[in-house]
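Descriptive structure summary
These are the residues of each chain, in order.
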Amino acid sequence: MAYVPETSEHREGPAYEPVLDHFGRDILCDDSNFIDRKKLGAKVFGNPEERKKLEHLVWPAIQELAEENITKAFSSGSKIIVLEGK
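About the cut-offs
Sequence order as written defines residue numbering, which begins from 1 separately in each chain. The predicted nature of this model means local features are confined to residues of pLDDT at least 70 and side-chain atom pairs, given and counted, to a pLDDT of 80 or more, with totals for whole chains, interfaces and linings taken over all residues. Excluded from the side-chain calculation are hydrogens and water; included are all heavy atoms of the structure. A residue's pLDDT is simply how confident the predictor is in it, with values from 0 to 100. Counting from the N terminus, the helices are DSSP H or I runs at least four residues long and the strands are E runs at least two residues long. Here, axes are lines fitted to C-alpha atoms. For helices the fit covers the stretch in contact, and angles between N-to-C directions go from 0 to 180 degrees. For classification, angles of less than 35 degrees are called roughly parallel, those exceeding 145 degrees roughly antiparallel, those between 65 and 115 degrees roughly perpendicular, and all remaining angles oblique. The contact definition used throughout considers only heavy atoms, calling two residues in contact when any of these lie within 4.5 Å. Each residue gets one label: Ala, Val, Leu, Ile, Met, Phe, Trp, Tyr, Cys and Pro are nonpolar, Asp, Glu, Lys and Arg are charged, and the others, such as Gly, are polar. Salt bridge, as used here, is a side-chain nitrogen of Lys or Arg placed within 4 Å of a carboxyl oxygen of Asp or Glu. Burial classes: relative accessible area under 20% of the type maximum marks a residue as buried, over 50% as exposed, and values in between as partly exposed (1.4 Å probe, protein chains only).

Residue-level pLDDT values for the protein chain average 91, and 99% of them are 70 or greater. Model confidence for the protein chain, summarised as mean pLDDT per element, is weakest for helix H3 (residues 48–75) at 92 and strongest for helix H1 (residues 16–23) at 96.

The structure is reproduced here in structure tokens:
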């Protein structure tokens, strides 16, 4: 959800426009505004600098979404379990 377009089902992901701004609109699916992971992957997985750029764009967005979900769950009285993995 970090880099999805806005639809009737969800809001735009916080990394959507930054990813498009950096990698170009040619990474979109031919039939929708969704990012084509294969097209994006072709640009980043053979290029360590571009992979790092993608990580710097997406991971803060993932953290933002996780914090929003935790806050929402906590506010509604849900129990929250956090596991640390290695």
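Once that is clear, we can look at the packing of helix H2 (residues 37–44) against H3. Orientation of H2 relative to H3, taken along the N-to-C sense of each, is 130°, at an axis distance of 7 Å. Comparing their axes, H3 and H2 come out oblique. Residues Leu-40, Lys-43 and Val-44 of H2 form the contact with H3, whose own contacting residues are Pro-48, Glu-50, Arg-51 and Leu-54. Grouping the constituent residues of the contact of H2 with H3 by class yields 4 nonpolar, no polar and 3 charged.

A word on the pattern of salt bridges. For the coordinates displayed, the defined rule picks out 4 salt bridges. Between Lys-43 and Asp-26 there is a salt bridge; the shortest N-O distance is 3.0 Å. Highlighted residues: Lys-43 in helix H2 and Asp-26 in the loop between H1 and H2, separated in sequence by 17 residues. Among the residues examined, Lys-43 registers a relative accessible area of 30% and is labelled partly exposed. The class of Asp-26 is exposed, set by a relative accessible area of 51%. Among the ionic pairs, Glu-55 bridges to Arg-51, the shortest N-O distance being 2.7 Å. Residue Glu-55 and its partner Arg-51 are located together in helix H3, separated by 4 residues, close to a single helical turn. Of the residues examined, Glu-55 reaches a relative accessible area of 32% and is grouped as partly exposed. According to the relative accessible area criterion, Arg-51 is partly exposed, its value standing at 30%.

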